[in-house]
Amino acid sequence: PQLGGNLDTNGSDIVSTSNADIDIIPNGTGDVNLGADAVQIGDNDANATLTTQGTGDLILNTNNGTNAGNITLLDGANGNITITPNGSGSTVVSGSMNDSISTTGKALVLGF
């Protein structure tokens, strides 16, 4: 069936039965857009996992991917995590790291 207008759940949830997944699958190259300023994942007090379905990399960026820095988690064992600022932006690491890494408590490996 086709929906001829907005789906108003009137404060109710969209719930699956029998522990089934809820799939939102756009046609062709369409995207799923969440028009909210915050998106929460996971159950209360449980760890949450954001993952790709298949072998794709996971990329976090802003500005619809245009003129944006990004964080890329490469797919596969021993894949790199790349933080790439846009333009003259910097990568800033704040706080403390595990003391067992070095005598200063901080370690950063630079790759070029």
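Residues numbered from 1 in each chain as written. Predicted model: local features only at pLDDT ≥ 70, side-chain atom pairs only at ≥ 80, totals over all residues. Heavy atoms only, no water.

A. Here's a closer look at the overall build of the protein. A count of helical and extended segments in the protein gives zero helices and three strands. Going residue by residue from the N terminus, the α and β elements of the protein occur as β-β-β. Among the 112 residues that make up the protein, the fraction classed as buried is 3%. The long-range fraction of contacts in the protein, counting pairs at least 24 apart against all pairs at least 6 apart in sequence, stands at 0%. Counting only carbon and sulfur atoms, one obtains 47% of the accessible surface of the protein, whose full area is about 10,700 Å². (Helix = DSSP H or I, 4+ residues; strand = E, 2+ residues; numbered from the N terminus. Buried < 20%, exposed > 50% of the residue type's maximum accessible area, 1.4 Å probe, protein only. Contact = heavy atoms within 4.5 Å. Areas by Shrake-Rupley, 256 points an atom, 1.4 Å probe, with all protein chains shown as cover.)

B. Representation of unusual backbone geometry within the structure. Residues other than glycine seldom take positive phi values, yet Asn10 does so here, at roughly 50°. Residue position: Asn10 is located in the segment before strand 1 (58-61). Asn10 gets classed as exposed once you look at its relative accessible area, which sits at 67%. The backbone of Asp45 sits at a positive phi, close to 60°, despite the residue not being glycine. Along the chain, Asp45 falls in the segment before strand 1. Looking at Asp45, the relative accessible area reads 88%, which means it is exposed.

C. Highlighting the sheet that holds strand 1. The antiparallel open sheet is built from three strands, whose spatial order is 1-2-3. In this open sheet, the two edge strands, each paired with only one partner strand, are strand 1 and strand 3 (81-84). Strand after strand, the sheet turns through a mean of 10° between neighbouring axes, direction not considered. Examined bridge by bridge, strand 1 and strand 2 (residues 70-73) share four bridges and lie antiparallel to one another. (Pairing = 2+ DSSP bridges. Axes fitted to C-alpha atoms, helices over the stretch in contact; angles between N-to-C directions.)

D. Highlighting the side chain of Thr72. Along the chain, Thr72 falls in strand 2. A relative accessible area of 12% places Thr72 in the buried class. A polar side-chain atom of Thr72 sits 3.1 Å from a polar atom in the side chain of Asn70. Ignoring anything within four residues of it in the chain, the contact list for Thr72 reads Asp57, Leu58, Ile59, Asn80, Ile81 and Thr82. (Polar contact = N/O pair within 3.5 Å; in protein donor to acceptor, adjacent residues only side chain to side chain.)

E. A look at a nonpolar patch on the surface. On the surface, Leu3, Leu7, Ile14, Ile22, Ile24, Val32, Leu34, Val39, Ile41 and Leu50 cluster together into a nonpolar patch covering about 1,100 Å² of accessible area. With respect to the secondary-structure elements, Ile14 resides in the segment before strand 1. On the accessibility criterion, Ile14 (56% relative accessible area) is exposed. (Patch = residues over 30% accessible without salt bridge, like charges linked within 9 Å, V, L, I, M, F, W, Y side chains within 5 Å. Salt bridge = Lys/Arg side-chain N within 4 Å of Asp/Glu carboxyl O.)

These values are about where atoms sit, not about what they do.
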